[in-house]
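Summary of the model geometry
Here is what each chain is made of, one letter per residue.
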Amino acid sequence: MFEDSPAPPGNQPEYTVSELSGAVKRVIEGEFGLVRVRGEVGRVSRPASGHLYFDLKDDRSVIAAISWKGQAAKMQVRPEEGMEVVATGRMTTFPGQSKYQLIVDDVAPAGAGALMAMLEKRRAALQAEGLFDPARKQPIPYLPQVIGVITSPSGAVIRDILHRLRDRFPRHVLIWPVAVQGQSCAAEVAAAIRGFNALAPGGPIPRPDLLIVARGGGSLEDLWGFNEEIVVRAAAASRIPLISAVGHETDTTLIDHAADLRAPTPTAAAELAVPVRMELLATLDALSARLSRAIAQGAANRGQRLRDLGRALPRLDSLLAQPSQRLDLWSGRLGGALGMAAARKRAAFERAARLRPETLLALIAGKRGELQARAQRLSDRAAVALERKHSQMDKWASRLDPALTRLLTTAARDIARDRDRLTALDSRLQAAPARRLADLAARLEQIDRTRQTLGYRETLKRGFAVMRGDGHVVTSKAAAERSATLEVEFADGRLALGGRPAKKGRSEGGRDQGSLF
Amino acid sequence: MMTDKAVSEMSFEEAMAALEQVVTQLERGEVALEQSIALYEKGAALKAHCAAKLKAAEEKVELIRAAEGRAVGTTPVEGL
């Protein structure tokens, strides 16, 4: 472009670089004096100068953005990388680098969704760091002496808290005034938390033993300061137990996670902070009454036990009465018994005293005589008994021989009789079969006679005859007339009538048939 | 058993708990006579301590004056 030879002059005016840059700047600033631009925040840097540099970008383009120190301080929402924002400001150029850029007055999150997403991201990051760890939570003192309240000194919130404290248990309250919304909110709240913690115990300003960070309800943006990392970190680091009460019950800010206790409302924070004094007084009175009653009861119980034991202890005279009575009884009987025993012993002694040698000798002689008499009587009696036994034996012996003879005779007789009976029976036994045969023969003969008597041939002998027709016995005239041949049997033979002679027959014939012809 | 902490150094809560324990022990009636008297005296001291703490229930509201993030003084607050 720039050859050796200078360019030929033309109609266009010739600018210096600065002149052209200034012209461009004027055009751009004139055209874009106030713009709102929506985009994602890119790289953010904040050097020591306090100015805030960041990029605004979409999928194709990037615009450099700057917030000067004063502007950045006033921002409610500080741009962070990845945030979807609507930035408000004016375009300008930076001629020193041939750049155009957006001077940003304010940044607003592009919609609540974006803000919530950022909040969630921050919460996760802080949680990962352990700032919300339940193990970090400190117990809330039962009855704090001094309560530090971090809130706006004007407005309903501090009044609600003081009112409720007054109802329950009036306390010494230190209010650390802070802005509860706006750009300075987070920094002031964080500073107040640290400031209370920095108070030395026993110093001129009493160190609170409980902190309450409170704010009334508001929009997400209004409460945004309590989501700032600086506040969360200060709350987590507080050595003084801290109750957070920001917004309404449904609002949750990040300080709630870091606080030792979260109250749904400022009033609730006051209720969590102190017990009810009247209830404590009542409890104390009740305990006191129990104490008195217990000590009195203890004394009464011991007294009662002492009395009971005393009663259970038997009286001395009752212990002694019975033995004493027994003593009387036995001692009364003792005198008489002694006299009687002595008399009995004396009598025995006197009997024994009569025992002299003469007495003994006489006694022995008497006993000897008696013994001899008894011995004599015994031998006499024995002789008599012996004699009696002898004669008895002789008598039995004399009776023994005849008895034996008689026994033998009887036996011989019996034997002879039995022998005779045997012989007779034997002979009868021999004869028995022959006689039996004779008897049977005689009976047979008799029976045969009877048979002959009953048979018709015997009848033939008495004149009767048997008539047969054609070989059958004929007993009627009609049968005879029907027969071709007739035959008459007599006792001595058969006679054929008419036709052929009958077969050989026996010579017999019936008398009735014979008379018929 | 009971803490050896002096009654005057106890917090209200500690004193109440100790008193409760003393009363329970006495009510159970298992302590020797002399110990029960000592317990009673301790209970009375605890009760007085608690009562004093309850009596000292005075409202005082002050506003912190801060400079450079530090509390430098207080201003009494009225009418809140």
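It should be emphasised that the depicted structure is a prediction, and the values quoted were computed from it without experimental measurement.

1. Details of the overall build of chain B
Helix and strand counts for chain B come out as two helices and two strands. Element order for chain B, N to C, with α for helix and β for strand: α-α-β-β. Within chain B, the fraction of its 80 residues that count as buried is 34%. Taking the intrachain contacts of chain B between residues at least 6 apart in sequence as the baseline, contacts between residues at least 24 apart amount to 40%.

2. Regarding the interface of chain B and chain A
At the interface, 41 residues of chain B touch 36 residues of chain A. Together chain B and chain A conceal approximately 3,400 Å² of surface at their shared face, both sides included; 68% is due to carbon and sulfur atoms. By the criterion of area lost to chain A, the three top residues of chain B are Leu54(B), Ile64(B) and Leu80(B), representing 21% of everything that side buries. Counting the contacts that link chain B with chain A gives three salt bridges. For Arg166(A), the salt bridge goes to Glu59(B), with nearest N and O atoms at 2.5 Å. Our enumeration of links across chain B and chain A arrives at ten residue pairs in polar contact (both at pLDDT 80 or more).

3. Details of the nonpolar core
Residue and element names in this part refer to chain A. Membership of the largest hydrophobic core comes to 57 residues, with the highest contact counts inside it found for Ile-150, Val-189, Ile-193 and Phe-196. Per-element tally for this core: the top contributor is helix α5 (residues 185-198), with seven residues. If near-sequence neighbours (up to four positions away) are discounted, Ile-150 is found in contact with Trp-176, Val-178, Val-189, Ala-192, Ile-193, Phe-196, Ile-212, Val-213 and Ala-214. Counting 45 residues, the second-largest nonpolar core is a separate cluster that includes Val-157, Ile-161, Val-173 and Ala-269.

4. Points about the sheet that holds strand β12 (residues 472-473) of chain A
Residue and element names in this part refer to chain A. One open sheet holds the four strands; their spatial order is β12-β11-β13-β14, and the pairing between them is antiparallel. With one partner strand each, in any of the chains shown, β12 and β14 (493-497) form the two edges of the open sheet. Bridge count for strand β11 (residues 466-469) against strand β13 (residues 486-490) is four bridges, and the pairing is antiparallel. Note on β13: the bridge partner recorded for Met-467 is Val-488.

Calculation criteria
- Residues numbered from 1 in each chain as written.
- Chains lettered and ligands numbered in written order.
- Predicted model: local features only at pLDDT ≥ 70, side-chain atom pairs only at ≥ 80, totals over all residues.
- Heavy atoms only, no water.
- Helix = DSSP H or I, 4+ residues; strand = E, 2+ residues; numbered from the N terminus.
- Buried < 20%, exposed > 50% of the residue type's maximum accessible area, 1.4 Å probe, protein only.
- Contact = heavy atoms within 4.5 Å.
- Buried area = accessible area lost by both parts, 1.4 Å probe.
- Salt bridge = Lys/Arg side-chain N within 4 Å of Asp/Glu carboxyl O.
- Polar contact = N/O pair within 3.5 Å; in protein donor to acceptor, adjacent residues only side chain to side chain.
- Core = buried A, V, L, I, M, F, W, Y, C linked by side-chain atoms within 4.5 Å.
- Pairing = 2+ DSSP bridges.

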